[in-house]
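Single-letter residue listing:
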Amino acid sequence: MRSHRRPRLLAPFLLVPLMAGCFASGGGDDSASGDGGDGDGARLRVALAFPPAENLSPYGADATLLSRLGVTEGLTSLDANGSAAPALAESWRRDGDRTWEFSLRDATFQDGGEVSPAAVAESLTHATDAEPAPAALAGVTLSAEVGGDRVVRITTAEPDPVLPLRLSSPSLAILSKGAYGKGSRVDPVGHATGPFELTKVNGATSASLDRFDDYWGGRAQASGIDARFIADGTARANALRTGELDIAEAVPVAQAASLDEKTRRDTATTRTTSLLLNASSGTFEDAGLRAAARDALDTSVFAKDVYEGYGDPGAGVYGPAVTWAEGKRTAPVGRAPAKKPGDGDTVNLATYDNRPELPEVAQVVKQQLEKAGFTVKLTVREYSRLEGDALDGKFDAFVLARNTLLDTGDPVAVLASDYTCDGGFNIAQLCDKGVDRAVADAEKIADTAKRQDAAMAAEARILGSDAVVPLVHQRIITGVAGSVQGVVLDPYERALVGTGTRR
């Protein structure tokens, strides 16, 4: 039976800290510019596109918000090649099929406590007990315990060859004992380990952060961050242009031309915008009509016209930012021949307006499907008002922007969650034995290159089902004031501000 567990992570549209040196930045020399008093670097004025949605819980949508502001971090991070890299853990080793040992670095929590094996084990235990479970733990049962003076032992119920990748997830950030009060509420304010400490949160409007001077990675060059949550992309771009902001994330492509070229940074991301076709009910239960819809779509127009060049034509589940994928991609497997749509073949198409390009994408999709003979009704709402219906299969088609490596960094994980019978984020309602078998085979492989090969074999079967039609691989535009250096341009969309970010 298909699971309808609704993940609290709104991964389709939300943009910890990764090490700033892992990715391209706007950096120059390392001297701080600006003055915040006493020789400190100036505070950074940052606008984020999405406000806290769950009281800053680290287990859901707000996990990446916390990581992008440099508040939280996990045992590991992701490097530029998508491999697990040290963070709070300096190193790790596998001990048998189901157990890993992680050696901790000397680090302190923002409340002064030591990042000890006991504290780490307790933090991970809270994550495993969370309801619903963090997306990174979907289908995984683990336990953590003290394994030595600086060692944490983590054991999984089933062999998990990518556990170090999984632990890089923003939703598995390590917090101190003080973060966990009565009930299920988790409070990261003052209890995290990153270079910046939350000091004040003004609801869904703004937040203040101060530099955490005892950060293990060295003092941040900025003395703090004044963050504003501005949902309107035009307003974010205007505030940057008028000098009210230093950094504006997720500038809409329609506003890019309004910014000086020197203040625009576009970065290939692991986010793919796709058309998901409901394979279990309605018009697109028929594989032949899914094939007809795929044939009807001219995907070249999305990158060129809708995204105005800030995107790459859809090639697969994984795009150009997943650098190893292109050379391993194979032709789709098992495609059905296309059928001609009839008068009764109606399509209830939906998308959300949190990302301003998506309604335009959906309009183009609607026009192309109608030209092919389908009758299309378009629904556009705010994402939180659509997610439940989408997961329950109430739409025939859905335009979704999905970061394929956000949750775990593992390319197989997104296939399991989005396209298998029991996947927790299976908007396409796909349930195909061949796909499930290919994904299950990939999940068992530990060798990185062989796991990538298996992921691409599974992708070929998923694309062959025509339950997903990749439209465009998105490039994200970050607005950066001319005086600012060291912004972290992260293809995984987990980091934005690091120790070297300054003005």
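Residues numbered from 1 in each chain as written. Predicted model: local features only at pLDDT ≥ 70, side-chain atom pairs only at ≥ 80, totals over all residues. Heavy atoms only, no water.

K.L.:
Please explain the environment of V399 as it appears in this structure.
P.N.:
Relative to the helices and strands, V399 resides in strand β16 (residues 397–403). Residue V399 is classed as buried on the basis of its relative accessible area, which comes to 0%. In the structure, V399 is positioned 72 residues away from L471 in sequence and 9.1 Å away in space, judged by C-alpha atoms. Discounting residues that sit within four places of it in the chain, V399 has contacts with T273, S274, L275, L349, A350, T351, Y352, L358, V361 and A362. (Helix = DSSP H or I, 4+ residues; strand = E, 2+ residues; numbered from the N terminus. Buried < 20%, exposed > 50% of the residue type's maximum accessible area, 1.4 Å probe, protein only. Contact = heavy atoms within 4.5 Å.)

K.L.:
Would you mind going over the environment of V497 with me for this structure?
P.N.:
Summarising the element assignment, V497 is placed in the segment after β17 (468–480). Given the relative accessible area of 1%, V497 is considered buried. Apart from residues lying up to four places away in sequence, V497 is in contact with L44, V46, R68, G70, F196, I225, I247 and V488.

K.L.:
Could you clarify how one ought to interpret the sheet that holds strand β7 (residues 151–156) in this entry?
P.N.:
Backbone-to-backbone hydrogen bonds pair the strands of a sheet. The strands run either parallel or antiparallel. In space, the 4 strands of this open sheet follow the order β4-β5-β7-β6, with antiparallel pairing throughout. A single partner strand is all that each edge strand has here, and the edge strands are β4 (89–95) and β6 (142–148). Neighbour-to-neighbour, the strand axes of the sheet open up by a mean angle of 25°, direction not taken into account. Judged from the 6 bridges that link them, β6 and β7 form a sheet pairing that is antiparallel. Paired with E145 across the strands is R153, a residue of β7. Strand contacts of helix α2 (residues 117–129): β5 (99–104), β6 and β7, with the helix running at about 175° to β6, the strand carrying the most contacts. (Pairing = 2+ DSSP bridges. Axes fitted to C-alpha atoms, helices over the stretch in contact; angles between N-to-C directions.)

K.L.:
When you look at the packing of aromatic side chains in this model, what are you seeing that I'm missing?
P.N.:
In this description, an aromatic ring pair is defined by two values, namely the gap between the centres and the angle between the planes. Tallying each qualifying case throughout the model produces 7 aromatic pairs. Summarising the aromatic geometry, the rings of F395 and F398 are spaced 6.1 Å apart at their centres and angled 40° between planes, so their arrangement reads as tilted. Per residue, the accessibility class of F395 equals that of F398, and both read buried. The rings of Y352, Y383, F395 and F398 are connected pair by pair, giving a single aromatic cluster. Of note, R105 hangs over the ring of W216, and the distance from its end group to the ring centre comes to 3.9 Å. (Phe/Tyr/Trp six-rings, centres within 6.5 Å; stacked < 30°, edge-to-face > 60°. Lys NZ or Arg CZ within 6 Å of the ring centre and 35° of its normal.)

K.L.:
Please clarify how the packing of helix α11 (residues 433–443) against helix α12 (residues 448–465) should be interpreted in this entry.
P.N.:
The axes of two packed helices give the description: the angle between them and the distance between them. Two elements in contact, α11 and α12, have axes whose closest approach is 8 Å; the angle formed by their N-to-C orientations is 170°. In terms of axis orientation, α11 runs roughly antiparallel to α12. From α11, G434, V435, A438, V439, A442 and E443 reach across to α12, where they touch R451, A454, A455, A458, R461 and I462. Across the contact of α11 with α12, the residue classes break down as 8 nonpolar, 1 polar and 3 charged. (Parallel < 35°, antiparallel > 145°, perpendicular 65-115°, else oblique. Nonpolar A, V, L, I, M, F, W, Y, C, P; charged D, E, K, R; others polar.)

K.L.:
Explain the side chain of T193 here, please?
P.N.:
Here T193 lies in the loop between α3 (163–166) and β8 (196–202). Residue T193 is classed as buried on the basis of its relative accessible area, which comes to 0%. Engagement of the side chain of T193 in a polar contact is seen with the side chain of E73, the distance being 2.9 Å. Once residues within four sequence positions are removed from consideration, T193 is found in contact with V71, E73, L88, T108, F109, Q110, V115, I174, F212 and Y215. (Polar contact = N/O pair within 3.5 Å; in protein donor to acceptor, adjacent residues only side chain to side chain.)

K.L.:
Which parts of the structure should I look at to understand the state of the cysteines?
P.N.:
A covalent bond between the sulfur atoms of two cysteines is referred to as a disulfide. This model, assessed by the stated rule, comprises 1 disulfide. Across the disulfide, C421 is cross-linked to C431 (sulfur-sulfur distance 2.0 Å). The sign of the 100° torsion about the S-S bond sets the C421-C431 disulfide as right-handed. Here C421 is found in the loop between α10 (411–419) and α11, whereas its partner C431 is found in the loop between α10 and α11, with 10 residues between them in sequence. C431 sits in the partly exposed class, given a relative accessible area of 48%. (Disulfide = S-S within 2.5 Å.)

K.L.:
What's the story with the side chain of H473 in this structure? I'm lost.
P.N.:
Among the structural elements, H473 can be located in strand β17. Looking at H473, the relative accessible area reads 1%, which means it is buried. A distance of 2.9 Å separates a polar atom in the side chain of H473 from a polar atom in the side chain of T272. Once residues lying within four places of it in the same chain are set aside, the contact partners of H473 are R271, T272, G311, D312, P313, G314, A315, G316, Y318, G319 and P320.

K.L.:
Would you take a moment to explain the pattern of salt bridges for this structure?
P.N.:
Two side chains carrying opposite charge are able to pair once their charged atoms lie near each other. Taken as a whole, this structure holds 33 salt bridges when the rule is applied. For R93, the salt bridge identified is with E101, shortest N-O distance 3.2 Å. Overall, the relative accessible area of 44% leaves R93 in the partly exposed class. The partner of D266 in a salt bridge is R475, and the shortest N-O contact between them spans 2.8 Å. Of this pair, D266 sits in strand β12 (residues 264–277) while R475 sits in strand β17; the two residues are 209 residues apart in sequence, bridging distant segments of the chain. (Salt bridge = Lys/Arg side-chain N within 4 Å of Asp/Glu carboxyl O.)

K.L.:
Which parts of the structure should I look at to understand the environment of P341?
P.N.:
Looking at the element boundaries, P341 is found in the loop between β13 (311–313) and β14 (346–352). P341 gets classed as buried once you look at its relative accessible area, which sits at 14%. With 33 residues separating them in the primary sequence, P341 and F374 have C-alpha atoms 5.9 Å apart. Residues contacting P341, with those up to four places away along its chain left out, are L289, A292, A372, G373 and F374.

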